[in-house]
Amino acid sequence: MDRGNQTRVTEFLLLGLSGKPDQEEILFGMFLWIYLVTIIGNFLIIFAISCDSHLHTPMYFFLANLSCVDICFSSVTVPKMLVNHILGSKSISYVECMIQIYFFITFINMDGFLLSVMAYDRYVAICSPLHYTMIMRPKLCVFLVAISWIITNLHALLHTLLMVQLTFCYNNAVHHFFCDPYPILKLSCSDTFINDLIVFTVGGLVFLTPFTCIIVSYVYIFSNVLKLPSVHGIRKALSTCGSHITVVSLFYGAILGIYMRPSSSYSVQDTVATVIFTVVTPLVNPFIYSLRNRDMKGALRKLIIRF
């Protein structure tokens, strides 16, 4: 490429999910409603767990952290899109974009780590119930969450530092409603080989390690549950995992199809899939965990009555 014709990009244009004004109005209303419900629903989960002493257990400690991450995850992407629509703008500064990428990577990986920790918690509860309180001590729970935060932040920092080394030229139009790393990489006029390599090696390790832990945990859970003598016992054991399996399937199902391939193969159609784990998953998590959980429904009922 001719270096003399390059103009360094100082901002990006977020084109959104649709280029048609009438559809943008509908999407704005839908995203605003989803964001408000996501914030309220996840805050209710956190408050219910905090106010009910019966829910001060490892499983609900991890669930409260997951709700906190989901609030942050949604707040990284959706508010900017809503503000831009109100102001009639599509721009996001280069610095804002890099910050958005950093926190996007942090929270998406944090979701995966928390889901894997929750799977381990269910494994201990079902396969070693007599040793559960001894294994899942408060110090271990705090350590698992803390180490997850450290790993995900370091991973996000690595990708962001590599991203800022790239040169972006005349093309600054992003076919998305936020700064997704893959569409941004496609806009670079620099060689992105190192970035793609890190995505497949370090990124793959950080992303697939929790997923592998979830699979292994459920292999052990199902192998132990199937040994139970009664159907009622099997149903009772699996009922504690149903909500978690639903969230894991929704979250990983969308992500594996998008980010486990080169950035050059990213298409506009993939933006629809990203909506599932960036917007839909944080929205449905409170409903999945509350509607399928008797203790959670009881705690939410007490919280609503109190206020």
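Predicted, not measured: the structure shown is a model, and the values here were computed from it. (Residues numbered from 1 in each chain as written. Predicted model: local features only at pLDDT ≥ 70, side-chain atom pairs only at ≥ 80, totals over all residues. Heavy atoms only, no water.)

So, about a nonpolar patch on the surface. A cluster of nonpolar side chains, namely Phe-143, Ile-147, Ile-150, Ile-151, Leu-154, Leu-157, Leu-161 and Val-164, defines an oily patch on the protein surface of about 670 Å² accessible area. Secondary-structure assignment places Leu-161 in helix α5 (residues 138–164). (Patch = residues over 30% accessible without salt bridge, like charges linked within 9 Å, V, L, I, M, F, W, Y side chains within 5 Å. Areas by Shrake-Rupley, 256 points an atom, 1.4 Å probe, with all protein chains shown as cover. Salt bridge = Lys/Arg side-chain N within 4 Å of Asp/Glu carboxyl O. Helix = DSSP H or I, 4+ residues; strand = E, 2+ residues; numbered from the N terminus.)

For the rest of this paragraph, the subject is the UniProt feature "transmembrane region" (unreviewed entry) in the chain. Here, UniProt's "transmembrane region" (unreviewed entry) annotation points to residues 26–48, 60–79, 99–120, 140–158, 197–221, 241–260 and 272–291. Taken end to end, residues 140–158 has its terminal C-alpha atoms 27 Å apart, with 100% of it in helix and 0% in strand. (UniProt positions renumbered as here; feature names shortened; annotations may be inferred.)

Here we take up the side chain of Asp-70. On the secondary structure map, Asp-70 appears in helix α2 (residues 58–87). When sequence neighbours within four positions are dropped, the list of residues in contact with Asp-70 reads Asn-42, Asp-111, Pro-282 and Asn-285. (Contact = heavy atoms within 4.5 Å.)

Phe-12, Phe-31, Leu-63, Leu-115, Phe-168, Ile-184 and Met-296 are the most contacted members of the largest nonpolar core, which has 87 residues in total. If you tally residues by element for this core, the top one is helix α3 (residues 94–127), at 18 residues. (Core = buried A, V, L, I, M, F, W, Y, C linked by side-chain atoms within 4.5 Å. Buried < 20%, exposed > 50% of the residue type's maximum accessible area, 1.4 Å probe, protein only.)

Applying the stated criterion to the full structure yields 18 aromatic pairs. Ring centres of Phe-73 and Phe-104 lie 5.8 Å apart, and the angle between their planes is 45°; this geometry places the pair in the tilted category. Highlighted residues: Phe-73 in helix α2 and Phe-104 in helix α3, separated in sequence by 31 residues. There is no split in this pair, since Phe-73 and Phe-104 are both buried. A ring pair is formed by Phe-251 and Tyr-252, whose centres lie 5.2 Å apart and whose planes are at 90°; its orientation type is edge-to-face. In this structure, Phe-251 and Tyr-252 share a single accessibility class: buried. In this structure an aromatic cluster arises from ring pairing among Phe-31, Phe-73, Phe-104, Phe-177 and Phe-178. (Phe/Tyr/Trp six-rings, centres within 6.5 Å; stacked < 30°, edge-to-face > 60°.)

Further remarks concern the sheet that holds strand β1 (residues 11–14). Ordered in space as β2-β1-β3, the three strands form an open sheet in which the pairing is mixed. Strand pairing shows two members of the sheet lacking a second neighbour, β2 (91–93) and β3 (173–174), which therefore form its edges. The pairing of β1 with β3 spans two bridges and is parallel. Residue Leu-13 lies in a different strand from β3, and its bridge partner there is Ala-173. (Pairing = 2+ DSSP bridges.)

Among the secondary structure elements, Asn-285 is positioned in helix α10 (residues 270–291). The buried category is assigned to Asn-285, whose relative accessible area is 3%.

The terminal C-alpha atoms of α5, which comprises 27 residues, lie 39 Å apart, in line with the 39 Å expected from a rise of 1.5 Å per residue. What α5 keeps buried is the set Cys-141, Leu-144, Val-145, Ser-148, Thr-152, His-155, Ala-156, His-159, Thr-160, Leu-162 and Met-163. On its buried face, α5 is in contact with α2, α3, α6 (181–187) and α7 (193–225). (Expected span 1.5 Å × (residues − 1).)

With that settled, consider the packing of α3 against α7. Geometry of a packed helix pair, given as the angle between the helix axes and the separation of the axes. At their nearest, the axes of α3 and α7 sit 9 Å apart, and the two run at 20° to each other. Relative to α7, α3 is oriented roughly parallel. The handedness of the crossing between α3 and α7 comes out as left-handed. Note on element contacts: α7 touches α3 through Val-206, Phe-207, Pro-210, Cys-213, Ile-214, Ser-217, Tyr-218, Tyr-220, Ile-221, Asn-224 and Val-225, opposite Asn-109, Gly-112, Phe-113, Leu-115, Ser-116, Ala-119, Tyr-120, Arg-122, Tyr-123, Ile-126 and Cys-127. (Axes fitted to C-alpha atoms, helices over the stretch in contact; angles between N-to-C directions. Parallel < 35°, antiparallel > 145°, perpendicular 65-115°, else oblique. Left-handed = near helix turned anticlockwise from the far one by under 90°.)

Moving on to the pattern of salt bridges. Counted by the stated rule, this structure contains three salt bridges. The salt bridge partner of Lys-302 is Asp-52, with a shortest N-O separation of 3.9 Å. You can see Lys-302 sitting in helix α11 (residues 294–306) and its partner Asp-52 sitting in the loop between α1 (21–51) and α2, a full 250 residues away along the chain. Residue Arg-122 pairs with Asp-121 through a salt bridge whose shortest N-O separation is 2.8 Å.

Looking at the secondary structure, you find Cys-213 in helix α7. The partly exposed category is assigned to Cys-213, whose relative accessible area is 38%. Sequence separation between Cys-213 and Ala-119 is 94 residues, and the spatial gap between their C-alpha atoms is 7.7 Å.

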